[in-house]
Amino acid sequence: MKQISYLLSIISITLLIACGGGDKAVEKVYPKATFEVTNAEETMPVWIHGNENSDFILLPVHGGPGSDVLDFRTYKGGDGFKDIETNHLVGYWQQRASGASKGSDDKKHFTIAQYVEDLDKVIDQLKDRYPNKKIVLLGHSWGGMLTSSYLKDATHKDKIVAWIDAAGVTNGKTLMAQTREDVQKEAEVRIAKKENTDYWEKVVTQIKSSKTNANVLAYQVTKYIPEVLIKVDNHKDFVINQRGILSNSTLFNEILKTDNTQNVAAFTKPILILWGKYDFAVSASQKKEIEAVVNAKQITNVVFPASGHYMMFHEPTMFAKSINDFIKTLQ
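Residues numbered from 1 in each chain as written. Predicted model: local features only at pLDDT ≥ 70, side-chain atom pairs only at ≥ 80, totals over all residues. Heavy atoms only, no water.

### Quick look at the overall build of the chain
- When helices and strands are tallied, the chain shows 15 helices and 9 strands.
- Across the 331 residues in the chain, those meeting the buried criterion constitute 60%.
- Of the contacts made within the chain by residues no fewer than 6 positions apart, 81% connect residues no fewer than 24 positions apart.
- Carbon and sulfur atoms make up 51% of the accessible area of the chain, which totals about 13200 Å².
- Considering the chain, the positive charge centre built from 40 side chains and the negative charge centre built from 39 side chains are found 2 Å apart. (Helix = DSSP H or I, 4+ residues; strand = E, 2+ residues; numbered from the N terminus. Buried < 20%, exposed > 50% of the residue type's maximum accessible area, 1.4 Å probe, protein only. Contact = heavy atoms within 4.5 Å. Areas by Shrake-Rupley, 256 points an atom, 1.4 Å probe, with all protein chains shown as cover. Lys, Arg positive; Asp, Glu negative; His and termini not counted. Charge placed at Lys NZ, Arg CZ, Asp CG, Glu CD.)

Structure below.
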């Protein structure tokens with residue numbers, strides 16, 4: 001189990017939501033889905049919650065790969081997303097090999113292209129079931145890689161009215177180097193302030209070592225940042241099943257070879273970018289890469305001053321307000 005846990009730690013670049021963190025492989029009991037999407041040997045549940053009078057459906061695409069989308073509604077009470085539900089419908093899609101999804105363990109299905117196809121099937125069903133609703137697509141962590149891959153196709157872009165990047169990975173090629181740089185810079189800032197010096201000096205030593213898993217360290221250091229008032233420990237607080245572990249490890253190498261910056265640049269509809277000030281797991285440098293190329297006419301950028309990677313849990317009220325305010329501009 002330690003070997004599996006270590007592997008999972010290495011590959012949990014997104015977390016999304018919750019990202020692929022966790023050192024437990026467990027089976028959970030799930031509520032009945034609103035409907036299911038079947039595609040390429042996989043059956044994936046979708047739960048719909050919220051205000052049916054809204055003109056909009058928010059579709060959050062969770063992290064991992066392999067994490068549980070229902071963590072959005074249950075972890076620490078799920079206040080952020082439940083606040084959004086008072087205003088709009090929210091569709092919680094459980095991705096392939098995640099949570100309650102059932103299907104093949106054949107690795108040929110664990111590709112970005114397959115997940116993009118799955119996402120398109122989900123959106124098509126949402127449009128069929130709610131023909132008068134407009135879909136806002138949100139990607140968190142690995143969900144950023146998935147949704148920005150989805151945006152490559154012009155027919156896909158026509159199916160949504162806006163995209164939200166909530167600390168989502170868009171460029172896997174630069175991700176890990178950026179994480180190392182961010183952690184080292186933060187450690188140096190804390191040392192200069194003479195703040196918990198012994199700990200941060202150890203961090204500097206660790207991050208300079210090629211043997212250190214920078215991604216794991218990026219989550220750990222957040223616990224020692226006093227500005228982040230609500231602590232989230234992804235490697236203890238979230239669970240992932242065995243299929244999630246398999247999908248995560250299979251997709252990891254493809255993620256690190258994929259740069260979707262140009263897909264984002266070609267997206268001209270409204271964009272909301274959400275980032276935690278102390279998110280080192282998915283560096284704010286990814287945000288800067290997007291901002292440098294994007295051609296969207298409407299771009300809203302929100303930085304969460306007391307957040308790490310999980311702004312929906314660190315600052316749920318601000319998270320919900322940011323999304324509700326953004327959707328108001330789409331009316």
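### So, the side chain of Asn-39
- With respect to the secondary-structure elements, Asn-39 resides in strand E1 (residues 35–39).
- Take Asn-39: its relative accessible area is 9%, and that puts it in the buried class.

### Details of the environment of Ala-296
- Of note, Ala-296 is situated in the loop between helix H13 (284–293) and strand E9 (299–304).
- Overall, the relative accessible area of 10% leaves Ala-296 in the buried class.
- For the pair Ala-296 and Ala-266, spaced 30 residues apart in the sequence, the C-alpha separation amounts to 7.9 Å.
- In this structure, Ala-296 is in contact with Phe-267, Thr-268, Lys-269 and Ile-271, ignoring residues within four places of it in sequence.

### Brief notes about the pairing of strand E3 (residues 56–61)
- Extensive coverage of E3 is indicated by the burial of 6 of its 6 residues.
- Here E3 pairs with strand E6 (residues 134–141) via 6 bridges, running parallel. Paired with Val-61 across the strands is Gly-139, a residue of E6. (Pairing = 2+ DSSP bridges.)

### So, the packing of helix H7 (residues 172–192) against H13
- Here H7 crosses H13 at 125°, and the two axes come no closer than 9 Å. Overall, the two elements H7 and H13 adopt an arrangement that is oblique. Touching Thr-174, Leu-175, Gln-178 and Asp-182 of H7 are Ala-284, Ser-285, Gln-286 and Glu-289, all from H13. (Axes fitted to C-alpha atoms, helices over the stretch in contact; angles between N-to-C directions. Parallel < 35°, antiparallel > 145°, perpendicular 65-115°, else oblique.)

### As for the pattern of salt bridges
- One pass over the structure, following the stated rule, counts 16 salt bridges.
- Between Arg-73 and Glu-85 there is a salt bridge whose closest N-O contact spans 2.7 Å. Residue Arg-73 is found in helix H2 (residues 71–74), and its partner Glu-85 is found in helix H3 (residues 79–85); the two are separated by 12 residues along the sequence. The same class applies to Arg-73 and to Glu-85, which are both buried.
- For the salt bridge of Arg-96 with Asp-118, the shortest nitrogen-to-oxygen distance reads 2.7 Å. Of this pair, Arg-96 sits in the loop between strand E4 (89–93) and strand E5 (102–103) while Asp-118 sits in helix H4 (residues 112–129), and the two are 22 residues apart along the sequence. Each of the two residues, Arg-96 as well as Asp-118, counts as buried.
- When salt bridges with common partners are traced through the structure, they connect Glu-42, Arg-96, Asp-105, Asp-118 and Arg-243 into a single cluster. (Salt bridge = Lys/Arg side-chain N within 4 Å of Asp/Glu carboxyl O.)

### A few points about helix H9 (residues 214–222)
- In terms of burial, H9 is largely enclosed, as 8 of its 9 residues are buried.
- Looking at where H9 begins, the residue whose side-chain oxygen comes 3.1 Å from the main-chain nitrogen of Asn-215 is Asn-213. (Polar contact = N/O pair within 3.5 Å; in protein donor to acceptor, adjacent residues only side chain to side chain.)

### As for the nonpolar core
- Formed by 93 residues in total, the largest nonpolar core has its most connected members in Leu-274, Phe-319 and Ile-323.
- Top element by residues in this core is H4. It accounts for 7 residues.
- Leaving out residues up to four positions away in the same chain, Phe-319 has contacts with Gly-80, Phe-81, Ile-84, Leu-138, Leu-274, Phe-304, Met-311 and Met-312. (Core = buried A, V, L, I, M, F, W, Y, C linked by side-chain atoms within 4.5 Å.)

### Concerning the pairing of E4
- Here E4 lies mainly inside the structure; 5 of its 5 residues are buried.
- Pairing between strand E2 (residues 42–50) and E4: 5 bridges, direction antiparallel. Paired with Gly-50 across the strands is Leu-89, a residue of E4.
- Strand direction decides the pairing type here: E3 and E4, joined by 2 bridges, are parallel. In the sheet register, Ile-57 faces E4, and the bridge partner there is Leu-89.

### Section: helix H8 (residues 197–207)
- Along H8, the residues classified as buried are Tyr-199, Trp-200, Val-203, Val-204 and Ile-207. Buried residues of H8 fall within an arc of 140° about the axis and therefore sit on the same side. In H8, the exposed positions angled more than 90 degrees off the buried face are occupied by Asp-198, Lys-202 and Thr-205. (Arc of directions from axis to C-beta.)

### Section: the packing of aromatic side chains
- Inspection of the entire model under this criterion finds 13 aromatic pairs.
- Both rings, one in Tyr-75 and one in Phe-238, keep their centres 4.7 Å apart while their planes meet at 55°; by these two values the pair is tilted. Here Tyr-75 is found in the loop between H2 and H3, whereas its partner Phe-238 is found in the loop between helix H10 (234–237) and helix H11 (242–256), with 163 residues between them in sequence.
- Residue Tyr-75 is classed as buried on the basis of its relative accessible area, which comes to 11%. (Phe/Tyr/Trp six-rings, centres within 6.5 Å; stacked < 30°, edge-to-face > 60°.)

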